[in-house]
Amino acid sequence: MIEMTGLTKRYGDKTAVDGLTVTVRPGVVTGFLGPNGAGKSTTMRLILGLDRPTKGGVTVNGRRYDRLAAPLHEVGALLEARSVHSGRSARNHLLALAASHGIGASRVDSLLELVGLTEVARKRVGAFSLGMGQRLGIAAALLGDPAVLLFDEPANGLDPEGIRWIRQLLRRLAGEGRTVFVSSHVMSEMALTADHLIVVGRGRLIADMPVDEFVRRGTRHQVRVRSPRLADLVALLQGPDVTVRDVAPGVVEVDGMTSDAIGELAASKRIPLHELAPLEASLEEAFMEVTGDSVEYHAEVAE
Amino acid sequence: MTAATIERRSPLDGVRVTFPRILRSEWIRFRSLRSSWITLGITVALIIGLAVLACWGRESHWPPRDPGEALSFNPTLQSIGPGAVFGQLAVGVLGVLLVTGEYATGMVRATMAAVPRRLPVLVARIVVFAALMLIVLVPSVFVAFFLGQDLLSTKNIDTTLSAPHVLRAVFGGGIYLVGIGLLGMGLGWLLRHTAGAIATLFGILLIVPLLAHFLPDPWPDNVIKWLPGGVGGTAGVAVWDTHPGAHSLGPWAGFGVLMGYVALVLIAAAALLRSRDV
C-alpha cells in the first residue's frame, strides 16, 4: 500500500509534482499514466526517499520510506534511469545490494535465473543491452521479496517477448497480493496490464479509477447504424445530448445514445437494422481526450 | 525466463539493514570493481617503485659534486618521499572514484534506496576504505623504506628505523597517504563529480601551495604550514618528514591539521548528503 497526501515537489520555480493525493492498493496492477514530463519519475523518486517532498508526504505500508528497517524487503523498485555501476558484474551488483540486508547469495542466483541472466551473471554490466539491463533492474527490485513494487517504464528496451514476459510477471506479482505500481506513457501497454489507473498531467492528478471506467468516461459513446430506412430512424433519434453524423450513404454514427436504446427504438417502430455497432474507444483515445490540455511540451507545427 | 515461482517470505526472515551488513556491502562494492584494484596497484607501485628508482639513482651518483648536498642528505626522505608525493595523487583519485563512480553511473540511486538513511553508507564506505588503505599502504611505505636503504647501504649512506624520528616518519608516510585518500573521498561525496573532485584535490595539493609562494613575506610560510599537504612545509608532509623545518608544524600537530581538514570536508559532505536530493 502506497499513500500519497498532498505530495508536492518543486525544483526551483518548476513544479514537477503538484499536490498528489492517491492511494495505491495491493492485489491489483495500478498503472501510472501520463505524458512525458508529467512527474511520474519524480513521484517514484519521492516514494523511495531519493528526493524530499517540498510539501505533503508519502508513506509505504504506513511508514515513511526512510524509516523502514528493511527497505528492500518492503519496496522493490525499477527506476527508469539506470541505477547500476557499469564496471561491476550483474551478480556482484546484486550481491552488494543484497549484503546490506543480509540477503544471501542463493537468493541472488535464483533471481538471476528468474530473469534469465544466469549465463551473463559474471559479465560486466557495461556490456549489457538495454533489455538485459532492464532484466537486471527487475532482479534487483525483487531481491528482498517486497510487498510493494514500483516499475518506472519497465517495457523500455524490451523486445516483444520481453514485454509479454514482464506483463505476465506484473500480473502474477499482483495476483500474489502485492502492490504493483507501474508507470508508462504507452497507453496500449497499460490497457493490457493494469486494473486500475492513476493518470497525471503536469504533476496534477487527472484521474484515479479502474481502467474500464476510465475508457468509458474519457470518451464519447458512438454507435454505428446502417439501415434501409435510415431517414425514418434518424427522425426518431432526438434528444438534448444526441447528435447524428453521416459517415457514408446509408450509414450514420450516433453520439449520446447506447446501442441498446437505439435497437429497442428501431424494433418498436419496426425499422429494420442492417448494422448496429457500438464503437469501442481505445485507452489511447481516452487518454488523449483526458490529458489533451496537460501535455507539457506540445509539438509545434511549422507554418 | 518462464514462470518460475518467486518464493514468499520464508527464506527472507530476519532480513533488515544493520551497520555490519552495510560494511559487508561496501567491501563487496570495493572488491568487485576492477578500477579499485588498478588504482590501488598504481599507488603501491609508485610508493615502492619510486623509492627503488630514487635510491638507486642516488647511490650510483654518490658522492655528490656539491659537498653541502652530501651533508644535508636524508636517506629516509630519499626512499619514502617520491612515493608519498606521487602516491598521494593516485590514492586521492581512488578515494574520489569510489564515490563519484556511483554518481556517474546512477548506482547511487540503488544504494540510497537500499539504505535510505544514507549516512550509514557514507560512514561504512569511509571505514572500509580507511581500513583497507591502512592495511595496504602502511606496509608498502615500510617496504619502500627497506628496499631504498638496502640500495643506499652499498655506499654506507643508509639509515635504520632506530635512528631518531625515522620510525615515526616511515609510519607517518602511510598515515599521510590514507589521510589524502580520505580527503579525496570526502571531496567525492561533497562534489559528486569525478572531474570536479579530482581537480579540487589536485588544486589543494599542488596549486594552492604554489600560489602561497607569491604572497609577501612572511605570509608564504605562515600559510603553507596550515595547508593539508602536497609539498614540503605543509601540515600533512610534517607527518612523514624526519626533520620538519623551523616554519613547519610538528608531526603530531601536522597530523591533527590534516585530519581536521578531512573531518571538515566529511562533515560538510554528510550534512549535504542528508539534505540534498540523490
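Anyway, here's the lowdown on the structure attached to this text. What you are looking at is a predicted structure, and each value in this text was computed from that prediction instead of being measured.

A word on the overall build of chain A
- Assigned secondary structure in chain A consists of 11 helices and 13 strands.
- Counting only C-alpha atoms and orienting by the principal axes, one finds that chain A spans roughly 75 × 45 × 45 Å.
- Here chain A holds 303 residues, and 45% of them are scored as buried.
- By sequence separation, contacts in chain A at least 24 residues apart represent 71% of the contacts at least 6 residues apart.

Re the sheet that holds strand β2 (residues 14–24) of chain A
Residue and element names in this part refer to chain A.
- Pairing in this open sheet of three strands is antiparallel, and the strands run β2-β1-β4 from one edge to the other. Pairing within the sheet leaves two strands with one partner each, and these edge strands are β2 and β4 (55–60). Averaged over all adjacent pairs, the angle separating strand axes in this sheet is 20°, with direction ignored.
- As judged from the five bridges shared by strand β1 (residues 2–11) and β4, these two strands associate in the antiparallel manner. Its bridge partner being in β4, isoleucine 2 is matched across the sheet by valine 60.

Here's the deal with helix α3 (residues 90–99) of chain A
- α3(A) sits mainly inside the fold: 10 of its 10 residues count as buried.
- For α3(A), the full list of buried residues reads Ala90(A), Arg91(A), Asn92(A), His93(A), Leu94(A), Leu95(A), Ala96(A), Leu97(A), Ala98(A) and Ala99(A).
- Buried residues along α3(A) sit against α2 (71–74), α4 (105–114) and α5 (130–142) of chain A together with α1 (19–31) and α5 (107–114) of chain B.

What about the sheet that holds strand β7 (residues 179–184) of chain A?
Residue and element names in this part refer to chain A.
- Ordered by their spatial adjacency, six strands build an open sheet running β5-β6-β7-β3-β8-β9, and the pairing between neighbours is mixed. Strands with a single pairing partner mark the edges of an open sheet, and in this sheet they are β5 (75–78) and β9 (204–210). The average angle at which neighbouring strand axes cross in this sheet is 15°, direction not considered.
- Where strand β3 (residues 29–33) meets β7, five bridges bridge the pair, whose relative direction is parallel. Bridge assignment links leucine 33 to a residue of β7, and that residue is serine 184.

What about the environment of Val148(A)?
All names here are of chain A.
- Relative to the assigned elements, valine 148 resides in strand β6 (residues 148–152).
- The spatial distance from the C-alpha of valine 148 to the C-alpha of valine 115 is 19 Å, given a sequence separation of 33 residues.
- Discounting chain neighbours no more than four positions away, the residues touching valine 148 are Ile2, Val60, Asn61, Glu74, Val75, Arg178 and Thr179.

Points about the nonpolar core
- Ranked by size, the top nonpolar core spans 157 residues in total, and within it Leu94(A), Ala139(A) and Leu143(A) carry the most contacts.
- Considering each element in turn, this core owes the most residues, 14 residues, to helix α7 (residues 166–191) of chain B.
- When neighbours within four sequence positions are excluded, Leu94(A) is seen to be in contact with Val108(A), Leu111(A), Ala139(A), Ala140(A) and Leu143(A).
- Listed in part, the eight residues of the second largest apolar core include Leu233(A), Val254(A), Ile262(A) and Ala266(A).

Structural notes on the interface of chain B and chain A
- Of the residues lining the interface, 38 residues belong to chain B; the matching set on chain A comes to 44 residues.
- Mapped onto the side of chain B that touches chain A, the elements with two or more residues apiece are α1, α2 (34–60), α4 (75–105) and α5 of chain B.
- Looking at side-chain class alone, the side of chain B that touches chain A contains 19 nonpolar, seven polar and 12 charged residues.

About the criteria used
Residues numbered from 1 in each chain as written. Chains lettered and ligands numbered in written order. Predicted model: local features only at pLDDT ≥ 70, side-chain atom pairs only at ≥ 80, totals over all residues. Helix = DSSP H or I, 4+ residues; strand = E, 2+ residues; numbered from the N terminus. Buried ≥ 20, exposed ≤ 12 C-beta atoms within 10 Å, placed from the backbone. Contact = placed C-beta atoms within 7 Å. Pairing = 2+ DSSP bridges. Axes fitted to C-alpha atoms, helices over the stretch in contact; angles between N-to-C directions. Core = buried A, V, L, I, M, F, W, Y, C linked by C-beta atoms within 7 Å. Nonpolar A, V, L, I, M, F, W, Y, C, P; charged D, E, K, R; others polar.

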